[in-house]
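Secondary and tertiary structure notes
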Amino acid sequence: MSKGFATRAVHDGYDCQSQGGGAASVPIYQSAAFDMVTADRGDALAAGEIQGFSYSRLANPTVKVLEDRLASLEGGKGAVAMASGMAAVSSALMCAAEGSGRLISPVDLYGTSVDTMKTFFPNFGIETDFVDDINDLEAVESLIQDNTRAIFAESVANPSTAIADIPGLADLAHRHGLALIIDNTVPTPYLLKPIDFGADIVVHSTTKGISGHGNALGGVIVDAGRFDWGNGRFPQMSQPELIISDERHGSMVSFLDAFGKMAFLHRVHTKYLHTFGAVMSPFTAYLQLTGLETLAQRVATEVKTATTLARHLLTIPQVERVNYSGIPEGRHQGDADQQDRLASTLLPKGVGTILSFRVQGGYEQVKRIVDSVRLMSYMPNIGDCRTLIVDPARITHREVPEPYRLSAGVGDDLIRISVGLENPDDLIADLDQAFAAAYQGAL
Ligand SMILES: *Cc1c(COP(=O)(O)O)cnc(C)c1O
């Protein structure tokens, strides 16, 4: 039987005797290259016939432990770590849609992800059809074309905390031969495992809750290992590739021939990681493994505090609206019943550690509030053990065109909080004094 989540967060992917010379914490293999020992072994390593390490852009022992541990925690068959969340998001989307493919995505997403699909991917021949509400399955279905490859969504959107209907989207995607790619950064695998509900590929910014200490950038792509990449929609998976073939013996194979259901992850690793080179450093992997050890405990505490703060915000007269799907009043206004059902079926332990709220008085008051907080830090990050506050319209979603931003609920009057590990009473006191300072004499 598979062990519990907290146990796997501490142990999986690492045997201290065979992998670390007995060291309790995973050693940092700070080395560009590794001894290949003999010519025959070097040849087998280069051909991918045996697992091992030769050069750290291809694989590194410290990074490998993080990959194996995250694959275990997400319930996937394998994972590839990258230098940042955006490296993971961009590589996963390109790997699915490369060669004139299309994507379907909501606008309710991390700002840089929207910008990537909207303004940059078209230069590479990849188009995205945006939909206002990703849970409107009829609208999503109507956008599917012959060259559509994948549906992309955030499981819990940043900063609205709207919950994606992963089972509904998976069913729709699979009926049409599309892959479902989910950004699971906000809830982390402690609160939600999209693969359990039908997702094919999961991506993360491991900079956030997985790391938990705001001290290193990273990303990961996890593959469920069950999608049929040979269904006719993904020609890139069936084209012969020299890098995985044996030219001397005249045999040319495709990623699909060589890896079957694991073709996607191998293609990301062999093409995107090796060519664009956005590898995670061993030191980052070490820091993120250390953070990961306390993921369950941190997130459980932060969810409780986020719920307390969301309820407190509802009592502040100058707060117009609270977005936190963890409480009924904070759920996305679209289809309230559906959000209730998704919260209880997909996220019974809580929806995450960020929340956002709209205040009276617009941007002038937003500025005063972020300038008045003393305990909360004014920073563009989430999932840190310190509580962070930010004005998304000017900072994290700045590059998103205004109509998209407004449709995602990111107006000038919005403030986002990423809840950390401080005592809830201290955070409430800080918010109260910031509101008092901001609205003194103003209303
Ligand atoms: C932060 C974030 C990203 C990008 O991650 P980086 O590590 O900053 O590159 C992608 N998606 C979501 C939901 C995020 O919060």
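Residues numbered from 1 in each chain as written. Predicted model: local features only at pLDDT ≥ 70, side-chain atom pairs only at ≥ 80, totals over all residues. Heavy atoms only, no water.

Going by an unreviewed UniProt entry, the protein chain carries the name homocysteine desulfhydrase and comes from Bifidobacterium apousia. Entered under Cofactor (unreviewed entry) in the UniProt record, the comment concerning the protein chain runs "pyridoxal 5'-phosphate". Its UniProt record, at the heading Sequence similarities (unreviewed entry), says of the protein chain: "Belongs to the trans-sulfuration enzymes family." (UniProt positions renumbered as here; feature names shortened; annotations may be inferred.)

A few points about the pairing of strand 14 (residues 414-418)
Among the five residues that make up strand 14, five are buried, leaving the element largely enclosed by the rest of the structure. Here strand 14 shows a buried face lined by L414, R416 and S418 and a second buried face lined by I415 and I417. By the bridge criterion, five bridges tie strand 11 (residues 354-359) to strand 14 in an arrangement that is antiparallel. Looking across to strand 14, one finds that F357 is bridged to I415. The pairing of strand 13 (residues 388-390) with strand 14 spans three bridges and is classified as antiparallel. (Buried < 20%, exposed > 50% of the residue type's maximum accessible area, 1.4 Å probe, protein only. Helix = DSSP H or I, 4+ residues; strand = E, 2+ residues; numbered from the N terminus. Pairing = 2+ DSSP bridges.)

A word on the side chain of S72
Turning to its location among the elements, S72 is positioned in helix 4 (residues 61-74). The class for S72 is buried, based on a relative accessible area of 18%. Not counting residues within four places of it along the chain, the set of residues in contact with S72 comprises R8 and D12. (Contact = heavy atoms within 4.5 Å.)

Some details on the sheet that holds strand 4 (residues 148-154)
Read from one edge to the other, the open sheet built from seven strands follows the order 1-7-6-5-4-2-3, with strand pairing classed as mixed. The open sheet is flanked by strand 1 (78-82) and strand 3 (127-131), the only strands paired with a single partner. Taken pair by pair, the neighbouring strands of this sheet meet at an average axis angle of 20 degrees, ignoring direction. Note that strand 1 and strand 7 (residues 219-223) share five bridges and pair antiparallel. The residue of strand 7 that forms the bridge with V80 is I221. Contacting strand 2 (102-106), strand 3 and strand 4, helix 6 (residues 111-120) crosses the sheet at an angle of about 125 degrees to strand 3. (Axes fitted to C-alpha atoms, helices over the stretch in contact; angles between N-to-C directions.)

What about the site of the ligand?
Taken together, 13 residues are adjacent to the ligand, and M86, D183, S205, T207 and K208 come closest. Between the ligand and D183, the relevant distance is 2.7 Å, taken from a nitrogen atom to a side-chain nitrogen or oxygen of the residue. Between the ligand and the protein, one listed contact pairs an oxygen atom with a side-chain N or O atom of T207 at 2.7 Å. Across the complex, the protein chains shield 93% of the 380 Å² of accessible surface that the ligand would expose by itself. (Near = heavy atom within 4 Å. Polar contact = N/O pair within 3.5 Å; in protein donor to acceptor, adjacent residues only side chain to side chain. Areas by Shrake-Rupley, 256 points an atom, 1.4 Å probe, with all protein chains shown as cover.)

Structural notes on the pairing of strand 2
Where burial is concerned, most of strand 2 is hidden: five out of the five residues are buried. Examined bridge by bridge, strand 2 and strand 4 share three bridges and lie parallel to one another. Each residue of the ladder has a partner; that of I104, found in strand 4, is I151.

Topic: unusual backbone geometry
At the junction of N158 and P159, the peptide bond is cis and its omega measures out at 10 degrees in the coordinates. For P159, the location among the structural elements is in the loop between strand 4 and helix 8 (166-175). Backbone geometry places V37, a non-glycine residue, at a positive phi of 75 degrees. Residue position: V37 is located in the loop between helix 2 (16-20) and helix 3 (39-46). One non-glycine residue with positive phi stands out, namely S100, at about 65 degrees.

Topic: the UniProt feature "modified residue: N6-(pyridoxal phosphate)lysine" (unreviewed entry) in the protein chain
The feature "modified residue: N6-(pyridoxal phosphate)lysine" (unreviewed entry), as given by UniProt, occupies K208 in the numbering adopted here. The residue K208 is located in the loop between strand 6 (201-205) and strand 7 in this model. Sequence-distant contacts of K208, that is, excluding residues within four places in its chain, are made with Y110, T185, N381, I382 and G383.

Concerning the nonpolar core
One finds L355, F357 and F435 to be the most contacted residues of the largest nonpolar core, which totals 84 residues. Element by element, the count of residues in this core is highest for helix 14 (residues 295-314), at eight residues. Three or more residues apiece are contributed to this core by two domains, here domain 1 (5-291) and domain 2 (295-438). If sequence neighbours within four positions are ignored, F435 has contacts with L313, I316, Q318, V319, F357, V359 and I369. V107, V114, A179 and L265 belong to the second largest nonpolar core, which has 45 residues in total. (Core = buried A, V, L, I, M, F, W, Y, C linked by side-chain atoms within 4.5 Å. Domains from an automatic or database assignment.)

A few points about the packing of aromatic side chains
For the structure shown, the criterion picks out 13 aromatic pairs. Plain terms: the ring middles of F34 and F53 are 5.9 Å apart, the flat faces sit at 50 degrees to each other, and that makes the pair tilted. Pair noted here: F34 is in the loop between helix 2 and helix 3 and F53 is in the loop between helix 3 and helix 4, with a separation of 19 residues, a long-range link. Of the residues examined, F53 reaches a relative accessible area of 25% and is grouped as partly exposed. Taken together, a centroid distance of 5.3 Å and an interplanar angle of 80 degrees make the contact between F130 and Y404 edge-to-face. Placement of the pair is F130 in strand 3 and Y404 in helix 17 (residues 402-407), with a sequence separation of 274 residues. Directly above the ring of Y110 sits K208, whose terminal nitrogen or CZ lies 4.9 Å from the centroid. The ring of Y190 has K349 sitting right over it, with the charged end atom 4.2 Å from the ring centre. (Phe/Tyr/Trp six-rings, centres within 6.5 Å; stacked < 30°, edge-to-face > 60°. Lys NZ or Arg CZ within 6 Å of the ring centre and 35° of its normal.)

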